[in-house]
Amino acid sequence: MEIRAAYEASLRRDGHVEDPAQLDVVARLADLQARIAAQRPREGRLRAMLSRSRIRQPVRGLYLWGGVGRGKTF
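Residues numbered from 1 in each chain as written. Predicted model: local features only at pLDDT ≥ 70, side-chain atom pairs only at ≥ 80, totals over all residues. Heavy atoms only, no water.

1. Some thoughts on the pattern of salt bridges
- Tallied over the entire structure, the rule returns 4 salt bridges.
- The partner of E8 in a salt bridge is R4, with the nearest N and O atoms 2.5 Å apart. Note that E8 and R4 are positioned in helix α1 (residues 3-14) at a spacing of 4 residues, about one turn of the helix.
- For R4, a relative accessible area of 35% gives the class partly exposed.
- A salt bridge links R13 to D14, with the shortest nitrogen-to-oxygen separation between them at 3.5 Å. (Salt bridge = Lys/Arg side-chain N within 4 Å of Asp/Glu carboxyl O. Helix = DSSP H or I, 4+ residues; strand = E, 2+ residues; numbered from the N terminus. Buried < 20%, exposed > 50% of the residue type's maximum accessible area, 1.4 Å probe, protein only.)

In structure tokens:
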């Protein structure tokens, strides 16, 4: 399930209120989800050693920071 769809479904189901700061995080998480999905599958160690030119670059993640009650857990 896509991040945005899960967020909207949770708002409807649980009665949470949409928050502009959370929408920004949802957009960033959706971008992260798309970048991870676009990566090619991992290779075995032997194949990776033999094909050094195709080293997978790590996807940079997100760090969520904020005060208590900002919705980080949500």
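2. Overview of α1
- The first and last C-alpha atoms of α1 sit 16 Å apart over 12 residues, in line with the 16 Å expected at 1.5 Å per residue.
- The inward-facing, buried residues of α1 abut α2 (20-38).
- Count one or two residues on from α1 and you reach G15, which has phi positive near 75°. (Expected span 1.5 Å × (residues − 1). Contact = heavy atoms within 4.5 Å.)

3. A word on the layout of surface pockets
- Here the largest pocket is characterised by a volume of approximately 460 Å³.
- Secondary-structure elements contributing two or more residues to the lining of the largest pocket are α1 and α2.
- No other element matches the 7 residues that α2 contributes to the lining of the largest pocket.
- Looking at the lining of the largest pocket residue by residue, the classes come out as 12 nonpolar, 4 polar and 5 charged. (1 Å grid on protein atoms, 1.4 Å probe; cavity = no way out; pocket = protein on both sides within 12 Å on 5 of 7 lines; lining within 4 Å. Points joined across faces, edges and corners; volume = space filled by probe spheres on them. Nonpolar A, V, L, I, M, F, W, Y, C, P; charged D, E, K, R; others polar.)

4. Considerations on the side chain of D19
- By the element assignment, D19 lies in the loop between α1 and α2.
- At 2.9 Å, the side chain of D19 and the backbone nitrogen of A21 are in polar contact.
- Filtering out sequence-adjacent residues up to four positions away, D19 remains in contact with Y7 and R70. (Polar contact = N/O pair within 3.5 Å; in protein donor to acceptor, adjacent residues only side chain to side chain.)

Function-wise, these values are silent; they only describe arrangement.
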